[in-house]
Amino acid sequence: MAFLRRAGFALGLPIVLFTLWWVTSASSTDFYFPPLSRIVDSLVEEWFGPRLADDVLPSLIRLTAGYLIAALVGITLGVLIGTYKRLRDLLEPVLEFFRAIPPPVVVPILMLIFGIENTMKIVVITFGCMWPILLNTAEGVRAVDSVLSDTAKTYRISGAARLRNLILPAASPQIFAGLRQGLSVAIILMVISELFAASDGLGFAIVQAQRSFAIPEMWAGMLMLGLLGFLLSLLFRLVENRWLAWYHGLRRAQRAG
Amino acid sequence: MSNSPPVTVYEPAADNADAGVAPQSTRPRRSLGASPVVLGAIGLLALVALFEILPRIGVLNRRFFPTSTEIGSALIDQVQQSEFWVALLDTLQGWALGLAIAAVAGVVLGIIIGSSQLLRDITASTIEFVRPIPSVALIPLAVLLFGTSIESKLLLVVYAAFFQMLIQVLYGVQDVDPVAQDTARAYRFSFVARVRYVTWPTALPYVMTGLRLSAAVALILAVTAELVIGNPGIGNRLAVAQSSGAIAATYALVVVAGLLGVIVNLVFRFIERRALSWHPSQRGEVAV
């Protein structure tokens, strides 16, 4: 019963909204707002058909590559900057500046340097989503519990063992917060980088549809992009829940006690 | 034998020296004059110097990396043009208007939804679904409906900033002390009075965090819209500079966009501190 209740709450409003859209647009003759049935047709035929391999896959590969590089670089630099106070003081204003640059703005410059191929798109994604990861990691490392850190020092735990057993686990909630922010930035940049110059990709295909006034395809592409964003954040949540299970458990216990 | 030299060189540098220094050095070292402000200034100067030297000695290709002085003079050149200021105002106008709409909508809806368990349960899945949809997905629609007029920029800005705001307000409203809430109910406070005296003060820190995050996102989306859609503004100027091959000007405008972002951050952090000066700041910032 409780399960049914929860399912009802979770599905109720989405079903109502979807039905509402379906019914109100069913006889729509407005060129820009085609019936939802046609959009869904196009979604199934085009996007889950040939375009899945032709456009969605290349986008996803670039996203994954850029995101992983950003995670690696961001966490490494973040640990360094978080550990050494003077390095942090030295770099803080510089990092604040780089973080404040709206990432899409660097696309025109990176286009000059790296051309318009995959390299440019991966670099754009990496550049944009690196900052939240880096800054959150640095903050997490800086705020490691001083008792834990002193205990580790007393036991002469240092170097790699200290990093693996103390620093990274202690900072991981913050690191994941950064990774989550980074992911949404990465998706945005994946699309933006394909708007300028590309021959394949999700962003390219959607703009192509818009320019050729293939409106149902455009709507379908937007839905596809939304679906992708949703699924990726779901996947991220699964990974996070697994990885940070100890932390969430700790928080629950603290709140209960 | 061949192993030992690298180890002795490597060890102190990587582990011992720095690991030992970091925790102890915070106080005694700072008094030596290397304050964070000075170090920060050195860092910035080093960045400028690197951008001057590396292109000159050919480490970076000068065709793509203008020197700091070239970027600086391009920046001065920009500042002297009245079109630059018009573009800057266009960007700021879209940003401020979009942020204001998103903030008001986010606060009002957040308080209404957050105050009722039923509404929270009903809307939770929808919000969770809609929120990760990247705002750039709306670009084609914005272009079709509004072209390059300010509405297309606003659509993107409002959409992106609204969810940042809404989520923070929802967290904030849930944070209300149930005893305070029940007390207000027992004294027959009306809904409006409860919002005014119980919910709002509790949620204010979250609202401020939301406002700061939204302000940053709104700026990103305003510039992005100008860059991609072509609304008048800094982003559009940058696209024009790039396509006409004015590299130094392109870099100068990126610097302007970055400075704009820094200023927005600083201003909103200042507002946050002022608005919450009464608050015991015993809160964890909810990262989104």
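Bear in mind the structure is a predicted one, so any value in this text is a computation, not a measurement.

1. A short note on the overall build of chain A
So, step 1. In terms of helices and strands, chain A carries 11 helices and zero strands.
So, step 2. Secondary structure elements of chain A occur, N-terminal to C-terminal, as α-α-α-α-α-α-α-α-α-α-α.
So, step 3. Expressed as a percentage of its 257 residues, the buried residues of chain A come to 42%.
So, step 4. Taking all contacts inside chain A whose residues are at least 6 apart in sequence as the whole, residues at least 24 apart take part in 75%.
So, step 5. Surface exposure of chain A reaches about 13,300 Å², of which carbon and sulfur atoms provide 66%.
So, step 6. Measuring between centres, the 22 positive side-chain charges of chain A sit 14 Å from its 17 negative side-chain charges.

2. Details of the interface of chain A and chain B
So, step 1. Facing 55 residues of chain A, the contacting portion of chain B comprises 61 residues.
So, step 2. When chain A packs against chain B, the two sides together hide about 5,100 Å² of surface, and 77% of this comes from carbon and sulfur.
So, step 3. If you sort the residues of chain A by the area they bury against chain B, Phe9, Arg86 and Leu112 of chain A come out on top, with a joint share of 12%.
So, step 4. Viewed at the interface, chain B and chain A are joined by two salt bridges.

3. With respect to the UniProt feature "domain: ABC transmembrane type-1" (unreviewed entry) in chain A
So, step 1. UniProt records the feature "domain: ABC transmembrane type-1" (unreviewed entry) at residues 56–240 of chain A, using the numbering of this structure.
So, step 2. In residues 56–240 of chain A, the share of helix is 86% and the share of strand is 0%. The end C-alpha atoms are 24 Å apart.

4. Digging into helix α10 (residues 234–243) of chain B
So, step 1. Across the 10 residues of α10 of chain B, seven count as buried, placing the element largely inside the fold.
So, step 2. For α10 of chain B, the complete set of buried residues consists of Ile234, Gly235, Arg237, Leu238, Ala239, Ala241 and Gln242 of chain B.
So, step 3. Buried positions along α10 of chain B lie against α5 (107–114) of chain A together with α3 (68–79), α4 (82–115), α9 (191–228) and α11 (247–275) of chain B.
So, step 4. Positive phi appears at Gly245 of chain B, one or two residues downstream of α10 of chain B, with a value of about 80°.

5. Details of the packing of aromatic side chains
So, step 1. By the definition in use, this model includes 17 aromatic pairs over all chains.
So, step 2. Seen from their ring centres, Trp246 of chain A and Tyr247 of chain A are 5.7 Å apart, and the 70° between their planes marks the pair as edge-to-face.
So, step 3. Trp246 of chain A gets classed as partly exposed once you look at its relative accessible area, which sits at 44%.
So, step 4. In this structure Tyr247 of chain A comes out as partly exposed when scored by relative accessible area, which is 21%.
So, step 5. Relative to Trp85 of chain B, the ring of Phe84 of chain B has its centre 5.1 Å away and its plane inclined at 80°; by these criteria the two rings are edge-to-face.
So, step 6. For Trp85 of chain B, a relative accessible area of 41% corresponds to the partly exposed category.
So, step 7. A network of ring pairs unites the aromatic residues Phe97, Phe98, Phe127 and Trp131 of chain A as a single cluster.

6. Side note on the UniProt feature "transmembrane region" (unreviewed entry) in chain A
Residue and element names in this part refer to chain A.
So, step 1. Those places that UniProt annotates as "transmembrane region" (unreviewed entry) correspond, in this numbering, to residues 65–84, 105–134, 183–207 and 219–239.
So, step 2. Helix makes up 95% of residues 65–84 and strand 0%, with an end-to-end C-alpha separation of 29 Å.
So, step 3. Segment residues 105–134 splits into 83% helix and 0% strand. End C-alpha atoms: 20 Å apart.

7. Topic: the confidence of the model for chain B
Residues and elements named next belong to chain B.
So, step 1. Per-residue pLDDT for chain B averages 82, and the proportion of residues at 70 or more is 85%.
So, step 2. Here helix α1 (residues 4–30) stands out as the element of chain B with the lowest mean pLDDT, 39, in contrast to α4, whose mean of 93 is the highest.
So, step 3. Segment residues 1–32: pLDDT under 50, and 19 contacts once partners within four positions in sequence are set aside and those in other chains are kept.
So, step 4. Of the regions scoring below 50 in pLDDT, residues 282–288 engages in 18 contacts with residues more than four places distant in sequence or in other chains.

8. Considering unusual backbone geometry
So, step 1. Here Phe213 of chain A, not a glycine, exhibits a phi torsion of approximately 55°, which is positive.
So, step 2. Within the chain, Arg188 of chain B stands out as a residue other than glycine whose phi angle is a positive 55°.
So, step 3. Residue placement: Arg188 of chain B occurs in the loop between α8 (178–186) and α9.
So, step 4. We classify Arg188 of chain B as exposed; its relative accessible area is 77%.

9. Things to note about the packing of helix α4 (residues 85–100) of chain A against α11 of chain B
So, step 1. Between α4 of chain A and α11 of chain B, whose axes approach to 7 Å, the crossing angle comes to 105°. On the basis of the axis angle, α4 of chain A is roughly perpendicular to α11 of chain B. In contact with Glu96, Phe97, Arg99 and Ala100 of chain A of α4 of chain A, α11 of chain B contributes Val255, Ala257, Gly258, Leu259, Gly261, Val262, Asn265 and Arg269 of chain B.
So, step 2. The residue inventory of the contact of α4 of chain A with α11 of chain B, partitioned by class, reads six nonpolar, three polar and three charged.

10. Side note on the side chain of Ser193 of chain A
So, step 1. In this fold, Ser193 of chain A is placed in helix α8 (residues 159–196).
So, step 2. Excluding anything up to four places from it in sequence, Ser193 of chain A contacts Met120, Lys121 and Val124 of chain A.

11. Notes on the packing of helix α1 (residues 2–25) of chain A against helix α5 (residues 117–130) of chain B
So, step 1. Relative to each other, α1 of chain A and α5 of chain B sit at 65°, their axes nearing to 7 Å. Judged by the inter-axis angle, α1 of chain A sits roughly perpendicular to α5 of chain B. In this structure, α1 of chain A meets α5 of chain B at a crossing whose hand is right-handed. Seen from α1 of chain A, the contacting residues are Phe9, Ala10, Leu13, Pro14 and Leu17 of chain A; seen from α5 of chain B, they are Leu118, Asp121, Ile122, Thr123, Ser125 and Thr126 of chain B.
So, step 2. Counted by class, the contact of α1 of chain A with α5 of chain B contains seven nonpolar, three polar and one charged residues.

12. Quick notes on the nonpolar core
As a rule of thumb, soluble globular proteins bury nonpolar side chains together.
So, step 1. Trp47, Tyr67, Leu179, Met190, Leu202 and Met218 of chain A together with Trp95 of chain B are the most contacted members of the largest nonpolar core, which has 133 residues in total.
So, step 2. With 15 residues, the top contributor of residues to this core is α9 of chain B.
So, step 3. Excluding residues that lie within four positions of it along the chain, Leu179 of chain A makes contacts with Tyr67, Ala71, Ile133 and Phe236 of chain A.

13. Digging into a nonpolar patch on the surface
So, step 1. A cluster of nonpolar side chains, namely Ile69, Leu72, Val73, Leu77 and Leu80 of chain A, defines an oily patch on the protein surface of about 400 Å² accessible area.
So, step 2. Of note, Ile69 of chain A is situated in helix α3 (residues 50–83).

14. With respect to the pattern of salt bridges
All names here are of chain A.
So, step 1. Per the counting criterion, the structure on display carries 13 salt bridges over all chains.
So, step 2. Residue Arg99 is joined to Glu96 by a salt bridge in which the shortest nitrogen-to-oxygen separation is 3.2 Å. Placement of the pair is Arg99 and Glu96 together in helix α4, with a separation of three residues, close to one helical turn.
So, step 3. The class for Arg99 is partly exposed, based on a relative accessible area of 33%.
So, step 4. Residue Glu96 is classed as partly exposed on the basis of its relative accessible area, which comes to 21%.
So, step 5. Two residues, Arg180 and Glu240, come together in a salt bridge whose shortest N-O distance is 3.3 Å. A residue pair is termed long-range when its members are at least 10 positions apart, and Arg180 in helix α8 and Glu240 in helix α10 (residues 215–243) qualify at 60 residues.
So, step 6. One network of salt bridges, with partners in common, ties together Arg62, Glu194 and Asp200.

What counts, and at which threshold
- Residues numbered from 1 in each chain as written.
- Chains lettered and ligands numbered in written order.
- Predicted model: local features only at pLDDT ≥ 70, side-chain atom pairs only at ≥ 80, totals over all residues.
- Heavy atoms only, no water.
- Helix = DSSP H or I, 4+ residues; strand = E, 2+ residues; numbered from the N terminus.
- Buried < 20%, exposed > 50% of the residue type's maximum accessible area, 1.4 Å probe, protein only.
- Contact = heavy atoms within 4.5 Å.
- Areas by Shrake-Rupley, 256 points an atom, 1.4 Å probe, with all protein chains shown as cover.
- Lys, Arg positive; Asp, Glu negative; His and termini not counted.
- Charge placed at Lys NZ, Arg CZ, Asp CG, Glu CD.
- Buried area = accessible area lost by both parts, 1.4 Å probe.
- Salt bridge = Lys/Arg side-chain N within 4 Å of Asp/Glu carboxyl O.
- UniProt positions renumbered as here; feature names shortened; annotations may be inferred.
- Phe/Tyr/Trp six-rings, centres within 6.5 Å; stacked < 30°, edge-to-face > 60°.
- pLDDT = per-residue confidence, 0-100.
- Axes fitted to C-alpha atoms, helices over the stretch in contact; angles between N-to-C directions.
- Parallel < 35°, antiparallel > 145°, perpendicular 65-115°, else oblique.
- Nonpolar A, V, L, I, M, F, W, Y, C, P; charged D, E, K, R; others polar.
- Left-handed = near helix turned anticlockwise from the far one by under 90°.
- Core = buried A, V, L, I, M, F, W, Y, C linked by side-chain atoms within 4.5 Å.
- Patch = residues over 30% accessible without salt bridge, like charges linked within 9 Å, V, L, I, M, F, W, Y side chains within 5 Å.

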